[in-house]
Amino acid sequence: MRWLRRRLFSHVVEEQLDAELRFHLDQQIAEYVVQGISPEEAHRRAQIDIGGVEQVKQKCPERRWENHVASVYRDIRIAMRSARKDRRFALLAILSLALGIGATTLIFSLIDSVLLHPFPYTNTDRLVGLSIVSAQRNLDRLPVSAFLDFKEQNHVFEDMIGLSFAEMHYLDHDAVESRGMSAESALMLVAARLRYVAATRWGTKRCLQMNRLAQVVAIS
Amino acid sequence: MMNGERPEFPKGTLDMLILKIVALGPIHGYALSQRIQQISKDVFQLTQGSLYPALHRLEDRGWLKADWKDTETGREAKFYTLTRKGQKQFESEVLNWNRLTDAVSLILRTAE
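Reading the values: rules and limits
- Residues numbered from 1 in each chain as written.
- Chains lettered and ligands numbered in written order.
- Predicted model: local features only at pLDDT ≥ 70, side-chain atom pairs only at ≥ 80, totals over all residues.
- Heavy atoms only, no water.
- Helix = DSSP H or I, 4+ residues; strand = E, 2+ residues; numbered from the N terminus.
- Buried < 20%, exposed > 50% of the residue type's maximum accessible area, 1.4 Å probe, protein only.
- Contact = heavy atoms within 4.5 Å.
- Areas by Shrake-Rupley, 256 points an atom, 1.4 Å probe, with all protein chains shown as cover.
- Pairing = 2+ DSSP bridges.
- Axes fitted to C-alpha atoms, helices over the stretch in contact; angles between N-to-C directions.
- Parallel < 35°, antiparallel > 145°, perpendicular 65-115°, else oblique.
- Nonpolar A, V, L, I, M, F, W, Y, C, P; charged D, E, K, R; others polar.
- Core = buried A, V, L, I, M, F, W, Y, C linked by side-chain atoms within 4.5 Å.
- Buried area = accessible area lost by both parts, 1.4 Å probe.
- Salt bridge = Lys/Arg side-chain N within 4 Å of Asp/Glu carboxyl O.
- Polar contact = N/O pair within 3.5 Å; in protein donor to acceptor, adjacent residues only side chain to side chain.

Chemist: Looking at this model, I keep getting lost on the overall build of chain B. Mind explaining?
Modeler: Within chain B, the secondary structure is distributed over four helices and three strands. When the helices and strands of chain B are listed from N to C terminus, the series reads α-β-α-α-β-β-α. Within chain B, buried positions represent 39% of all 112 residues. Contacts in chain B between residues at least 24 apart in sequence constitute 52% of all its contacts with a sequence separation of at least 6. Just so you have it, chain B exposes about 7,000 Å², and 55% of that area is on carbon and sulfur atoms.

Set out below in structure tokens:
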């Protein structure tokens with residue numbers, strides 16, 4: 001609160017500080033005069049004793065805030081001046097700063113998205129991808145009907161979500177077919193949350209281990 | 001030993017000395033510097049550059065309270081008085097100081 005009062009009544013604070021130091025100076029002068037020194041000489045000596053009113057004021061806590069602002073301003077000015085004086089050096093400094101900041105930011109955002117916050121879902125360690133692989137080891141597509149069968153008969157996963165890369169076919173309220181392809185159009189099973197852990201890690205990818213899954217299914 | 005120079009205040013003692021003098025009664029900055037100089041028989045001379053920042057710092061911490069009052073000559077001056085908090089602070093600083101000087105003199109006496 002004290003600093004706030006100082007900001008609001010800074011002129012009063014300054015006046016009081018002035019008055020206090022002036023009082024000291026005058027007392028000192030009077031003291032010298034009593035000792036038999038001429039007023040001019042007394043004045044001069046007292047000034048020397050006090051060593052510059054402004055310097056004294058700058059050390060007082062009332063002025064600390066102003067001092068900070070002033071010194072930051074001075075630093076900025078010096079920085080600008082020296083940057084203008086040696087442009088090549090300034091450019092090099094700015095460039096290395098930029099590179100440094102850029103590289104660090106990049107690495108951090110990589111680590112953040114890969115290691116720290118991989119997916120914005122709960123229990124990400126239980127999410128698996130499910131797909132059908134054909135005899136030719138091509139990634140095969142799954143008909144919607146098959147997906148629905150899977151979904152209905154599933155008792156391994158908490159839930160299953162299908163994802164389509166093609167336009168979907170759907171019916172509106174009046175059962176009018178709009179927009180689309182056949183009901184057997186392409187669809188892939190994409191995410192399923194495992195109720196039982198039947199997944200292993202192969203590198204960074206998480207794959208379903210089919211024998212383990214079969215076991216789990218057989219038990220339940 | 002003195003070399004005719006005025007020794008500087010050991011670190012931390014200035015606050016304690018100011019609190020001590022102010023404890024004797026309300027006093028303004030000039031009188032305070034005179035008092036310290038007189039009592040210490042001119043060993044310590046308090047420059048304004050250290051006196052006023054210290055006074056204002058102590059006031060800031062609530063150890064001193066300041067009021068503008070008339071002096072004998074009828075001029076207004078800022079008088080400092082010790083607060084209850086300042087009294088406590090002074091007592092703990094004296095305690096610390098005694099402990100420190102005792103330890104130092106003990107070492108000086110025994111480590112010969």
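Chemist: What should I look at first to understand the sheet that holds strand β2 (residues 64-70) of chain B in this one?
Modeler: Pairing between sheet strands relies on hydrogen bonds along the backbone, with the strands arranged either parallel or antiparallel. Residues and elements named next belong to chain B. With antiparallel pairing, three strands are arranged side by side in an open sheet as β1-β3-β2. Because the sheet does not close on itself, it has two edges, and the strands there are β1 (27-28) and β2. Sheet analysis places β2 next to strand β3 (residues 76-82), joined by seven bridges and oriented antiparallel. Bridge pairing links Lys-65 to Thr-81 in β3. Helix α3 (residues 48-60) contacts β2 and β3 of the sheet and is inclined by roughly 55° relative to β3.

Chemist: What is the right way to read the packing of helix α1 (residues 13-23) of chain B against α3 of chain B from this model?
Modeler: Packed helix pairs are characterised by how far apart their axes lie and by the angle those axes make with each other. Residue and element names in this part refer to chain B. Relative orientation of the contacting elements α1 and α3 amounts to 75°, with a least axis distance of 10 Å. Considering the angle they form, α1 stands roughly perpendicular to α3. Contacts between α1 and α3 pair Leu-14, Asp-15, Ile-18 and Leu-19 from the former with Ser-50, Leu-51, Ala-54, Leu-55, Arg-57 and Leu-58 from the latter. Each residue belonging to the contact of α1 with α3 can be placed in one class, and the counts come to seven nonpolar, one polar and two charged.

Chemist: Explain the nonpolar core here, please?
Modeler: What tends to happen in soluble globular proteins is that the nonpolar side chains get buried as a cluster. Residues Ile-18, Val-22, Leu-32, Leu-51, Tyr-52, Leu-55 and Leu-64 of chain B are the most contacted members of the largest nonpolar core, which totals 25 residues. Of all the secondary-structure elements, those providing two or more residues to this core are α2 (10-34) of chain A together with α1, α2 (29-39) and α3 of chain B. Here the element with the most residues in this core is α1 of chain B; it accounts for six residues. Excluding its chain neighbours within four sequence positions, the residues that come into contact with Leu-51 of chain B are His-24 of chain A together with Ile-18, Gly-29, Leu-32, Ser-33 and Leu-46 of chain B.

Chemist: What is the right way to read the interface of chain A and chain B from this model?
Modeler: By a widespread convention, an interface's size corresponds to the accessible area lost as its parts come together. Counting residues at the interface gives 21 residues for chain A, matched by 21 residues for chain B. Roughly 1,900 Å² of surface becomes buried between chain A and chain B when both sides are summed, with 54% attributable to carbon and sulfur atoms. At the boundary of chain A and chain B, one finds two salt bridges. A salt bridge links Glu-20 of chain A to Lys-78 of chain B, with the nearest nitrogen and oxygen atoms 3.8 Å apart. Scanning the region where chain A abuts chain B turns up five residue pairs in polar contact (both at pLDDT 80 or more). Elements with a contribution of two residues or more to the side of chain A that touches chain B: α1 (2-8), α2, α3 (39-50) and α4 (53-59) of chain A. The dominant element in the side of chain A that touches chain B, judged by the number of residues it contributes, is α2 of chain A, at twelve residues. Among the residues forming the side of chain A that touches chain B, the class breakdown is eight nonpolar, four polar and nine charged.

Chemist: I would appreciate a short explanation of the pairing of β3 of chain B in the present structure.
Modeler: Along a regular strand, successive side chains alternate from one face of the sheet to the other. All names here are of chain B. Counted residue by residue, β3 has five buried out of seven residues, so it is predominantly covered. Of the strand pairs in this sheet, β1 and β3 are connected by two bridges, and their pairing is antiparallel. Residue pairing across strands places Ile-27 opposite Tyr-80, the latter belonging to β3. What sits between β2 and β3 in their antiparallel hairpin is a turn of five residues, with Gly-74 showing a positive phi close to 85°.

Chemist: Help me understand the pattern of salt bridges, please; the structure alone is not making it clear to me.
Modeler: Charged atoms that come close allow side chains of opposite charge to pair. Across all of its chains, the model carries seven salt bridges over all chains by this definition. A salt bridge links Asp-26 of chain A to Arg-75 of chain B, with the shortest nitrogen-to-oxygen separation between them at 2.7 Å. A residue pair is termed interchain when its members come from two chains, as with Asp-26 of chain A in helix α2 and Arg-75 of chain B in the loop between β2 and β3. On the accessibility criterion, Arg-75 of chain B (30% relative accessible area) is partly exposed. With a shortest N-O distance of 2.7 Å, Arg-57 of chain B and Asp-15 of chain B are connected by a salt bridge. Residue Arg-57 of chain B is found in helix α3, and its partner Asp-15 of chain B is found in helix α1; the two are separated by 42 residues along the sequence. On the basis of relative accessibility, which here comes to 26%, the residue Arg-57 of chain B falls in the partly exposed class. Residues joined by salt bridges that share partners form a network here, namely Glu-20 of chain A together with Glu-59 and Lys-78 of chain B.

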